[in-house]
Structures are given as C-alpha cells and as structure tokens.
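What follows is the residue order along each chain.
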There are 2 protein chains.
Amino acid sequence: MTGVKEILARYSKELDPYIEKFLPPERPDNLMAATVQYPRAGGKRMRPAMVLAAAGAVGGNKEKAIPLAVAIEYIHNFTLIHDDYMDGDEKRRGMTTIHIGYGGPTAILAGDALFARAFQVMAELDVPDDVLREVLKVTTKAVWDLARGQQMDVNNENGEEVTMDEYIETIRLKTSVLFAAGAAGGALIGGADEGTVKAVHEYAMLLGVAFQMFDDVLGLIGDPVKLGKSVGNDLRKGKSTVMVTHALKNIKDEKIMKEFRSVLGKIDASEEEIQKARKILENAGSVKFALDMAEDYTKKAIGKLDRLNDTEDKEFMKALAEYAMTRDV
Amino acid sequence: MTGVKEILARYSKELDPYIEKFLPPERPDNLMAATVQYPRAGGKRMRPAMVLAAAGAVGGNKEKAIPLAVAIEYIHNFTLIHDDYMDGDEKRRGMTTIHIGYGGPTAILAGDALFARAFQVMAELDVPDDVLREVLKVTTKAVWDLARGQQMDVNNENGEEVTMDEYIETIRLKTSVLFAAGAAGGALIGGADEGTVKAVHEYAMLLGVAFQMFDDVLGLIGDPVKLGKSVGNDLRKGKSTVMVTHALKNIKDEKIMKEFRSVLGKIDASEEEIQKARKILENAGSVKFALDMAEDYTKKAIGKLDRLNDTEDKEFMKALAEYAMTRDV
C-alpha cells in the first residue's frame, strides 16, 4: 500500500477545508487568530486520520465521521495551547506559541474556545442521536483524563520520581485516551458493534503508549531541525521517562550515576551536558529498552485489529501503529 | 411566596450532594482538590436554581434536570478559575484562588477538568437522545461565547474605550449566555415547545445583562466584607462599564473630568482615590443610569415569562430577576 506519510498527507488535504470551515471569522479578532493558529498550522494529523480510518475499517461511511475528526483535532490543539503555556514553551513547529504571541489570558481562552467548538461541531454530527450520546461519553471522558494525565506529568516534572507503571499510567492518560476516543468514536459512527468499538479503543490506547514512548526517545535523539524544537528538555525538566526510570535502576557505576544525576533536572543544562547524559542513557541500554517496549505495545495494538475485516483502512491502521514508532518527527 | 434567598438556599442544599457526587476522589490528589474547591465553596447557586425552575415552570420533572444544573454550575466554576488566574485575583469568597493555592498550571487544568466533567455529566442525562442533542447545542455555544466575552473584557481592560452597545454585547457574551443555556436547557428537559424554550432563553439573556450591570455597581458601592473582595477594581483596571461610559460622555466640568480620568486605569489607586471617583460617578448620575438600565432589563426579562402558566416556579423566576439587581452580594 501507499506509505503512511502519503496517506496522512491525503487525509490532511481532505480535512483542511473543514478545519477552516468550523472556525469562521468572528469577534474578537485576537481571540480568533489565536484560536485558529494551531489547527491551521497542521502537524501530522494522526488523530483525525485515525477517526476516519476507524469509521471505514468497520464498514461505515467515512464522510459522516469528518466532523468528529475535526473535533478531535481541535481538542488536541486546545491541549497543546494550554500545555505550551504551562510548560513555558516558546516554539511549536517553528512558530511562536500562543501565550508568547498573544499573552497568557488569550492562550487560556483560545484553548477553552477550541474545546467548546469541538463539542459544538460534535453536536451537529449527522448520526443517530443515540450514537451521538455514545460519542459524547467517550470524548468527554477522554478530555477529563487528559487533564489528569497532564497534571501527573506536571507533578512528575516537579522532581517526584515515579515508577515505570506510574509513568505508563500517565502517558495512557495524557496521550492514549484522545487517540482512543477518536478511534472508538469513528467506529461508533461507522456502525460498529460494542465488541468492535472496544477492540478499536484498545488498539488506540496501546498505540498511544508506543507513540508517547517513541516521542520521548525522539525528544532526546531526534533531529532538532525536523522537530522544530531543541532536544533534551525532558532531561532538563527532570522528567521520569521510561528511559530515565530504566537508567536510574540499571546504572551500576557510581561515578556514571553521579554524572547522570548532575544533568537530570538541571534546567539550564548545556547542549554538551545533554549529549553526555544521552550517551549514558544509550550505554545503559535505556534507549533500547524504551524502543523495545514501544515495539511491544505496537505489536499488541496491531493484534487488537484481528477481528476487523481486511480492508485498506485496516491496513492503514496497522501501518499507523508502526509509523508511531518509526517517524522522524 | 418565600423569599428568593430562602429558595436559593433550599436549592443549594438539594444540589450539594450531587455537586459532590459527580466529583468523586480520583488521582492526582492536587488536581482533584483544586477542581472541587469552587463548586464545593458554594456561592449563590443562581444558575443551577434557574435550570431547575425552568424545568418546573414548563411543567416538567425537575429531578431530571438536576445533572444539567450541576453541569451549568461546573461550567460557571471552570470559568471563574480561569478568569481569576488571568485577572490575577488572589481571593474569591474570602478563599485563596486556585492559581495562588495550587499554581498556574493546576488552575488551567482544574478549569479544563471541570469543563470536561460538565459535559460528561450531561452525556448521562436521563432524557431522550434528541433532547440531549439540543441541550448540547445550546450549552456548547454558550461556552464558546463565554470565551469570546471574556476576551472582549480583557481587551476592554487594556484601555480600549468601548461604546455602551459594545459593553452590553460583552456582558451578553460573558455573563448572559450561561444563564440562558441553563434556563433553555431546563426548559428543553422539561419538555417545552420551541417557542417556550426561546422565551425562557431570552428571559435569561436579559436577566444576565441586569445581573452583570448590577454586579458592576456592587463592585463600586457594595460592602467589601459581604462581597469578600475589595471594591473599585474595575476603575483601577480602567474597565469601560456602563457607569464609566456614561460618565465620560456626561461630565461637563473639565476639572472634574480630569480628576476622574486620573483615577481611571490607575492600577494602584488608593481607597481614597476610589471613593473620590465613586462620588464623581454618583454626582454625574452614572450610578443611577446603570441601575435604571438594569431595572429596564429586569422588566423586559420578566415580560418574557408571560407565555408560561402561573406556577410557583414561574414566580421564583420572576423574583430571581428582581433579586439579580437588589442583592447585596
């Protein structure tokens, strides 16, 4: 089949007019400009593509799922705006973040506005009312969990060391649930039975964990130019990623441990110090450990699709799971 | 009939267990504590009371509307948390605000979480699915408008002078729409026809304007002890309330105008300066002007209820409109 990137680009092109259409100009101008910036800027559009693919893979009409795909992308963008503000990040995809460009209050409001618009769009879904209710249940639960996951992440950055299980719970909440709400919502709109909706939901939960683990790896060894941001910030923030948790448990040499700990949580660590810590993580097998774990999650995710008929959409969903941990951006 | 305050207290007592019930303990602890603080702290509970009264006034079962009443109160509290953070307010109802008590990130997330929970609660409403869809449309539109209104308010504080019409548009968006979504939602759940839902919606829109205008007056001439906050902050922020807009148009004496302008927008204005500006507003007839206007809106609001049968709930809705501009807190 065509490569994942090409299919994502095709979905993206198909969705762009809808992403604009549901955010027509309105007053006040500064709020609207702040609200449309991230949705318009694009990104990989993995979440909305998954909504449409899930609707198709269960034998449904993908067009009916377009508003949900847009809504899921708005929710994703709303969380990015708020997260960037609370993390103090100044750049995203090479552009100025909302709180830097428009100020903190407008960043909060633009996020809130996108959140509201997402559910306005859902309220107009051309699906039976009982399907709308089910879609609403899974998406609202996801947003609730996103807030919990982000709070755990914030707590985690404040230097609390967490166990591997706790970290995985955090990324299930802060990343997986939105993928899963989109996939399950797409399947619901596509007319899937309860068991299939559940399988598709689990597929996306597992994929989300792999995606976030790989994201953590990329954030350490990725290409800063392609990523549009500097690498090593998780280390600077002292975040207990899978790699860090593995390293803290497995580095036996005291001197090396001391060296690693001297960089971990050092907010102004130099590029050189980050590269030193990265080497330590690689030598301790921590990067490989995270990649193996991500691969394991990917395989499990793909296994959940067994009950679906073989279709192009199913193939794409499988490929998407692999892409989640092979992408370079 | 029993006084409005007593009925509000009764509704409040009835609702309190539900406000707790829909926010059971969950991890992480700090997010949950921040999320429940405002809903638990109470307040006048005017919005949820209006939801229940509207359901009853159209002949419906008030109990069915309880989850919507709770959801509207959560939405109200979510906006308070975010607004307090962006306004830099340190106290609400005599308590420390969320961003002061838990930090900015947790204030953002607690607001987001309450927003999400509001719609989770709505998704479980025991009403026909098509009614849920209509309730969803009116409430999501309201939250979208709340963000627009708050942004206009923020812009307004940044020193832009606005016309009376623009100010009224701002308070329709930042205050009225949530009252109106609650009232219309209650009427929908109560089984009202389209015309009645519209009338109840208009009633609450008009009431909301009167409520906010009176709130602006209270914020100037109210009792700081009862209000739980200091007075005159709108003047310090240079906000174009109805009173200020009226004064800037009607003060003819140049010296007095100069004196007034020297306080308007002076963020560190002393208590004495505020009292001087307040006297100027009173002498210019600006306070009376705002009160007359609020009274006019109240009368129009009550007029919208003509098509409802005479019931205790209708009486309460009328009394609530009067209370909106006679309360002392």
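*Asks:* Could you clarify how one ought to interpret the overall build of chain A in this entry?
*Replies:* Across its full length, chain A carries 16 helices and two strands. Dimensions of chain A, computed from the C-alpha atoms along their principal axes, are close to 65 × 50 × 35 Å. Counting every position in chain A, which comprises 329 residues, the buried fraction comes to 60%. The contacts in chain A between residues at least 6 apart in sequence include a share of 76% that link residues at least 24 apart. About 13100 Å² of surface is accessible on chain A, with carbon and sulfur atoms providing 49% of the total. Positive and negative side-chain charges in chain A, numbering 44 and 52 respectively, have mean positions lying 2 Å apart.

*Asks:* How should the interface of chain B and chain A be read in this particular structure?
*Replies:* One frequent convention defines the size of an interface as the accessible area lost when the parts assemble. The interface of chain B with chain A comprises 46 residues on the first partner and 46 residues on the second. Summed over both sides, the interface of chain B with chain A buries roughly 4300 Å², with 65% coming from carbon and sulfur. For the chain B face of the interface with chain A, the top three residues by lost area are Arg133, Trp144 and Gln151 of chain B, together amounting to 18%. Between the two partners, chain B and chain A, sit six salt bridges.

*Asks:* For this particular structure, what's the right way to read helix H15 (residues 286-303) of chain B?
*Replies:* In an α-helix there are 3.6 residues to a turn, and that puts residues three or four apart on one side. Residue and element names in this part refer to chain B. The first and last C-alpha atoms of H15 sit 26 Å apart over 18 residues, in line with the 26 Å expected at 1.5 Å per residue. The set of residues buried in H15 consists of Ser286, Val287, Ala290, Met293, Ala294, Tyr297, Thr298, Ala301 and Ile302. In this fold, the buried residues of H15 make contact with helix H8 (164-189), helix H9 (194-221), helix H12 (242-250), helix H14 (271-283) and helix H16 (312-323).

*Asks:* Looking at this model, I keep getting lost on the pattern of salt bridges. Mind explaining?
*Replies:* Applying the stated criterion to the full structure yields 64 salt bridges over all chains. With a shortest N-O distance of 3.7 Å, lysine 198 of chain B and glutamate 202 of chain B are connected by a salt bridge. In this pair, lysine 198 of chain B and glutamate 202 of chain B are both assigned in helix H9, four residues apart and thus about one turn of the helix distant. The exposure class assigned to lysine 198 of chain B is exposed, which follows from its relative accessible area of 55%. Of the residues examined, glutamate 202 of chain B reaches a relative accessible area of 27% and is grouped as partly exposed. In the salt-bridge network here, residues are joined through shared partners; they are Glu26 and Arg117 of chain A together with Lys141, Asp145 and Arg148 of chain B.

*Asks:* Explanation requested: the relation of the copies chain B and chain A in the structure shown.
*Replies:* Superposition of the two copies of the chain requires a rotation about an axis and a shift along the axis. Least-squares fitting of chain B to chain A yields an RMSD of 0.0 Å, with the transformation described by 0.0 Å of translation along the axis and a rotation of 180°. Look at the turn and shift together and you get a two-fold axis relating the two. Relative to the rotation axis, the closest C-alpha in chain B is found at aspartate 129 of chain B, a distance of 2.6 Å. Mapped onto chain A, 100% of the interface residues of chain B again fall at the interface, so both copies present the same surface.

*Asks:* I keep staring at the packing of aromatic side chains and nothing clicks. Help me out?
*Replies:* Each aromatic ring pair is characterised by the separation of its centres together with the angle its planes make. Applying the stated criterion across every chain yields a total of 11 aromatic pairs over all chains. Centroid distance tyrosine 85 of chain A to tyrosine 85 of chain B: 6.1 Å. Interplanar angle 20°. Geometry classified as stacked. Of this pair, tyrosine 85 of chain A sits in helix H4 (residues 66-87) while tyrosine 85 of chain B sits in helix H4 (residues 66-87), which puts the two residues in different chains. Ring centres of phenylalanine 78 of chain B and phenylalanine 115 of chain B lie 4.6 Å apart, and the angle between their planes is 15°; this geometry places the pair in the stacked category. With phenylalanine 78 of chain B in helix H4 and phenylalanine 115 of chain B in helix H6 (residues 104-123), this pair connects stretches of sequence that are 37 residues apart. Note on phenylalanine 115 of chain B: relative accessible area 1%, which makes it buried. Connected via pairs of aromatic rings, a cluster forms that spans Phe78, Phe115 and Phe119 of chain A together with Phe78, Phe115 and Phe119 of chain B. Over the face of the ring belonging to tryptophan 144 of chain B we find arginine 117 of chain A, whose NZ or CZ atom lies 3.6 Å from the ring centre. Directly above the ring of tyrosine 297 of chain B sits lysine 300 of chain B, whose terminal nitrogen or CZ lies 5.6 Å from the centroid.

*Asks:* Whenever I open this one, the packing of helix H2 (residues 29-41) of chain B against H6 of chain B confuses me. Can you help?
*Replies:* Packed helices, taken two at a time, are described by the angle between their axes plus the distance between the axes. All names here are of chain B. Running from amino to carboxyl end, H2 crosses H6 at an angle of 65°, the nearest separation of the two axes being 9 Å. The orientation of H2 with respect to H6, classified from their angle, is roughly perpendicular. Our pair here, H2 against H6, has a crossing hand that is right-handed. On the side of H2, the interface is formed by Asn30, Leu31, Ala34, Thr35 and Pro39, while H6 contributes Thr106, Leu109, Ala110, Ala113 and Leu114.

*Asks:* I would appreciate a short explanation of unusual backbone geometry in the present structure.
*Replies:* Residues other than glycine predominantly adopt negative phi, and peptide bonds predominantly adopt the trans conformation. Following arginine 27 of chain A, the chain continues into proline 28 of chain A via a peptide bond in cis, with omega recorded as -5°. The residue proline 28 of chain A is located in the loop between helix H1 (4-21) and helix H2 (29-41) in this model. Backbone geometry at arginine 45 of chain B places phi at a positive 55°, although glycine is not the residue there. Note on placement: arginine 45 of chain B falls in the loop between H2 and helix H3 (46-57). Relative accessible area serves as the criterion here: at 3%, arginine 45 of chain B is assigned to the buried category. In the Ramachandran plot, arginine 93 of chain B falls in the positive-phi region, its phi being about 50° despite a non-glycine side chain.

*Asks:* What's the story with the nonpolar core in this structure? I'm lost.
*Replies:* Where a protein is soluble and globular, its nonpolar side chains tend to be buried together. Counting residues in each nonpolar core, the largest one holds 257 residues, and the members touching the most others are Tyr203 and Phe260 of chain A together with Tyr203 and Phe260 of chain B. Those residues in contact with phenylalanine 260 of chain A that sit more than four places away from it in its chain are Leu235, Val244, Ala247, Leu248, Ile251, Ala277, Ile280 and Leu281 of chain A.

*Asks:* Honestly, H2 of chain A in this entry has me stumped. Any pointers?
*Replies:* Residues and elements named next belong to chain A. End to end, H2 covers 18 Å across 13 residues, agreeing with the expected 18 Å (1.5 Å per residue, within 8%). Along H2, the residues that are buried comprise Leu31, Met32, Ala34, Thr35, Val36, Gln37, Tyr38 and Pro39. Backbone geometry just after H2 places glycine 42 at a positive phi near 90°.

*Asks:* Help me understand the packing of helix H6 (residues 104-123) of chain A against helix H7 (residues 129-157) of chain B, please; the structure alone is not making it clear to me.
*Replies:* Where H6 of chain A contacts H7 of chain B, the axes come no closer than 9 Å and their chain directions differ by 160°. With respect to their mutual orientation, H6 of chain A and H7 of chain B come out roughly antiparallel. The two elements H6 of chain A and H7 of chain B cross, and the hand of that crossing is left-handed. Here Pro105, Thr106, Leu109, Ala113, Ala116, Arg117, Phe119, Gln120 and Ala123 of chain A of H6 of chain A lie close against H7 of chain B, whose contacting residues are Arg133, Leu136, Lys137, Thr140, Lys141, Val143, Trp144, Ala147, Gln150, Gln151 and Val154 of chain B. Residue composition of the contact of H6 of chain A with H7 of chain B, grouped by class: 11 nonpolar, five polar and four charged.

*Asks:* Got a minute to help me understand the environment of alanine 71 of chain B in this structure?
*Replies:* Residue and element names in this part refer to chain B. Here alanine 71 shows up in helix H4. For the pair alanine 71 and valine 121, spaced 50 residues apart in sequence, the C-alpha to C-alpha distance is 6.4 Å. With near-sequence residues (within four places) excluded, alanine 71 lies in contact with Ala118 and Met122.

Reading the values: rules and limits
- Residues numbered from 1 in each chain as written.
- Chains lettered and ligands numbered in written order.
- Predicted model: local features only at pLDDT ≥ 70, side-chain atom pairs only at ≥ 80, totals over all residues.
- Heavy atoms only, no water.
- Helix = DSSP H or I, 4+ residues; strand = E, 2+ residues; numbered from the N terminus.
- Buried < 20%, exposed > 50% of the residue type's maximum accessible area, 1.4 Å probe, protein only.
- Contact = heavy atoms within 4.5 Å.
- Areas by Shrake-Rupley, 256 points an atom, 1.4 Å probe, with all protein chains shown as cover.
- Lys, Arg positive; Asp, Glu negative; His and termini not counted.
- Charge placed at Lys NZ, Arg CZ, Asp CG, Glu CD.
- Buried area = accessible area lost by both parts, 1.4 Å probe.
- Salt bridge = Lys/Arg side-chain N within 4 Å of Asp/Glu carboxyl O.
- Expected span 1.5 Å × (residues − 1).
- Least-squares fit on C-alpha atoms with pLDDT ≥ 70 in both.
- Phe/Tyr/Trp six-rings, centres within 6.5 Å; stacked < 30°, edge-to-face > 60°.
- Lys NZ or Arg CZ within 6 Å of the ring centre and 35° of its normal.
- Axes fitted to C-alpha atoms, helices over the stretch in contact; angles between N-to-C directions.
- Parallel < 35°, antiparallel > 145°, perpendicular 65-115°, else oblique.
- Left-handed = near helix turned anticlockwise from the far one by under 90°.
- Core = buried A, V, L, I, M, F, W, Y, C linked by side-chain atoms within 4.5 Å.
- Nonpolar A, V, L, I, M, F, W, Y, C, P; charged D, E, K, R; others polar.

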